[in-house]
Amino acid sequence: VEDSVAEDMARFEESFIGINKKYRLINRIGEGTFSTVYKAEDLQYDDFQNRWDIDERENTKWSSPSHRRRQSKSRPRYVAIKKIYVTSSPIRIFNELELLHDLKNSESVCPLITAFRHLDQVVAILPYFQHRDFREYFRDMTVSDIRLYFRSLFTALRSVHAKRILHRDIKPTNFLYNPQQARGVLVDFGLAEREGTDWHQCACTLSTEERRYRISHSVYAATLNSGNQHSSYPKTDTRSSRRANRAGTRGFRAPEVLLKCTQQNTSIDMWSAGVILFTLLSRRFPFFHSADDIDALLEITSIFGRKKMREISLLHGQVFETNIPSYSDGGHSLEKIILWCTGRSQKDEKTGKKIELQDEEKEAVQFLYRLMECDPAKRITAEEALRHSFIAKAFE
Ligand code: ADP
Ligand code: MG
């Protein structure tokens, strides 16, 4: 353990009175935007299965739990202590713990063991899950490995979505995966929320007729009708700006999140899962790296093209315009992008033919189109994904 980490752990043990009676801190394993996570040994854990052979009388002589453990050869239990930054609002902390509590029996979701508070500091205790860093293995995954990864991720998402909860921050660091066991657990419900927490009506919930009517009566239409074809970004825009939940990690945000749709649902997590699949197939991580939301929209535009972006923007009552000439109208196929990213865009030297994706990669791309579907209403659900032929093969 590095000196600075050891110091940080010592400071935490000192400030959080009583924590060292319950846990022995081992290492710092995560430092994010909202928390610091430590690996620790649970000192009060009674491993009954491994203790059955211990004499009752003898047992009472041992005072401290850690001493007892050393005597009985029982396996220690490791936990992850998530120290939530004190700057987080109490409502936000409560929300995370409450959702974790609701999800405690959900398959492939890391359960909450307990939580403690000392003064303004809250810690969540989770079972430690052995996993590997995504960056270590993502380049080496075969299509079969990819199937197994997503079988596990969609199992988690199915159980979360069944409770009508949006995770909102699906990305590799929040899905702890163990490639050897082909099993993972979903963590980090810090941004999660219940479906329908939303406030205003987004145009995407309207019927086609209603949407048409609204657009034809909009400020945009008025500008166009006034003969101003080159409607530019209004300098003194008096309209109130739209507010919607945009939480999450930029490169993984669904188009409707970027377009500030106010009626976001569980399908936003499926888009993010799609970005992970795109990463795996293209062997590029991170696939998107945008500076802001507009940049993120343009990255999506460079793939799907202007036409598609105009269509989906209208879906949410927004108007998409860009004067950047390099974006094509039709965009590019995902197959082509994957071939580019994996250095297979040239023609085969021997045959002179275009190199194609392998059959199982093609199948993966068909599935990818269902995840990175720009219209949230048409996007595949976790439940459907598990039945999709691409994933179903992992069950054979
Ligand atoms: P944050 O909100 O700060 O992102 P997370 O809940 O995502 O916090 O945890 C941060 C990191 O800590 C994770 O990416 C992972 O590396 C590690 N971690 C979190 N929970 C566990 C766990 N149960 N087992 C092992 N490592 C964990
Ligand atoms: Mg996280």
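Everything quoted here is computed from the prediction, not taken from an experiment. (Residues numbered from 1 in each chain as written. Chains lettered and ligands numbered in written order. Predicted model: local features only at pLDDT ≥ 70, side-chain atom pairs only at ≥ 80, totals over all residues. Heavy atoms only, no water.)

**Here's the deal with helix 15 (residues 359-371)**
Three or four residues apart is the spacing at which side chains of an α-helix point the same way, because the helix has 3.6 residues per turn. For helix 15, with 13 residues, the first-to-last C-alpha span of 19 Å sits near the 18 Å given by 1.5 Å per residue. Along helix 15, the positions that sit buried rather than exposed are Glu361, Glu363, Ala364, Val365, Phe367, Leu368 and Leu371. At its buried positions, helix 15 is contacted by helix 8 (143-162), helix 12 (267-282), helix 14 (334-341), helix 16 (382-387) and helix 17 (389-392). (Helix = DSSP H or I, 4+ residues; strand = E, 2+ residues; numbered from the N terminus. Expected span 1.5 Å × (residues − 1). Buried < 20%, exposed > 50% of the residue type's maximum accessible area, 1.4 Å probe, protein only. Contact = heavy atoms within 4.5 Å.)

**Considerations on the sheet that holds strand 2 (residues 35-42)**
Reading across the sheet, the five strands line up as 1-2-3-5-4 and stay open at both edges, with antiparallel pairing between neighbours. If you trace the sheet from one side to the other, it starts and ends with strand 1 (23-31) and strand 4 (114-118), each paired once. On average, each strand axis in the sheet is tilted by 25 degrees relative to the strand beside it, whichever way the strands run. Where strand 2 meets strand 3 (residues 78-84), seven bridges bridge the pair, whose relative direction is antiparallel. Opposite Glu41, over in strand 3, you have Tyr78 as the bridge partner. Contacts from helix 6 (residues 90-102) reach strand 3, strand 4 and strand 5 (121-127) within the one sheet, and its direction differs from that of strand 5 by about 20 degrees. (Pairing = 2+ DSSP bridges. Axes fitted to C-alpha atoms, helices over the stretch in contact; angles between N-to-C directions.)

**Remarks on the coordination of the magnesium ion (ligand 2)**
Six octahedrally arranged donors around a metal ideally form angles of 90 or 180 degrees; four tetrahedrally arranged donors ideally form angles of 109.5 degrees. Listed as protein donors to the magnesium ion (ligand 2) are Asn174 (OD1) and Asp188 (OD); their distances from the metal cover 2.2 Å. Here Asn174, found in the loop between strand 6 (165-166) and strand 7 (175-178), pairs with Asp188, found in the loop between strand 8 (183-186) and strand 9 (193-194); they are 14 residues apart in sequence, far enough to count as distant. (Donors = N, O, S within 2.8 Å, 3.2 Å for Na, K, Ca; no water.)

**What to know about unusual backbone geometry**
The peptide bond linking Phe285 to Pro286 adopts the cis configuration, its omega dihedral lying at -5 degrees. We note that Arg164 has phi near 55 degrees; this positive angle belongs to a residue other than glycine. Assignment of secondary structure puts Arg164 in the loop between helix 8 and strand 6. Despite not being glycine, Arg283 shows a phi value in the positive range, around 60 degrees. Arg283 sits in the partly exposed class, given a relative accessible area of 34%.

**Some words on the site of ligand 1**
In the vicinity of ligand 1 there are 18 residues, among which Ser35, Lys82, Phe129, Thr173 and Asn174 approach most closely. Ser35 is positioned with one of its side-chain polar atoms (N or O) 2.6 Å from an oxygen atom of ligand 1. Taking Phe129, its main chain carries an N or O atom lying 2.9 Å from a nitrogen atom of ligand 1. Protein chains bury 91% of the 550 Å² of accessible surface belonging to ligand 1 in isolation. Here the shell around ligand 1 is composed, by residue class, of ten nonpolar, six polar and two charged. (Near = heavy atom within 4 Å. Polar contact = N/O pair within 3.5 Å; in protein donor to acceptor, adjacent residues only side chain to side chain. Areas by Shrake-Rupley, 256 points an atom, 1.4 Å probe, with all protein chains shown as cover. Nonpolar A, V, L, I, M, F, W, Y, C, P; charged D, E, K, R; others polar.)

**Considering the packing of aromatic side chains**
Two descriptors summarise a pair of aromatic rings, namely the distance from one centre to the other and the angle between the planes of the rings. For the structure on display, the rule yields 19 aromatic pairs. Plain terms: the ring middles of Phe12 and Tyr38 are 5.1 Å apart, the flat faces sit at 10 degrees to each other, and that makes the pair stacked. With Phe12 in helix 1 (residues 3-15) and Tyr38 in strand 2, the pair connects residues that are 26 residues apart, well separated along the chain. Here Phe12 and Tyr38 have matching classes, each one buried. Plain terms: the ring middles of Phe134 and Tyr149 are 6.3 Å apart, the flat faces sit at 50 degrees to each other, and that makes the pair tilted. Separated by 15 residues along the polypeptide, Phe134 in helix 7 (residues 134-137) and Tyr149 in helix 8 bring together distant segments of the chain. With respect to burial, Phe134 and Tyr149 carry one shared label: buried. Among the aromatic residues, ring-to-ring pairing joins Phe134, Tyr137, Phe138, Tyr149, Phe150, Phe154, Phe175, Tyr177, Phe285, Phe367 and Phe390 into one connected group. Here Lys39 stacks its cationic end above the ring of Tyr78, 4.6 Å away from the centre of that ring. One cation-aromatic arrangement involves Arg151 over Phe395; the distance from NZ or CZ to the ring centre is 5.2 Å. (Phe/Tyr/Trp six-rings, centres within 6.5 Å; stacked < 30°, edge-to-face > 60°. Lys NZ or Arg CZ within 6 Å of the ring centre and 35° of its normal.)

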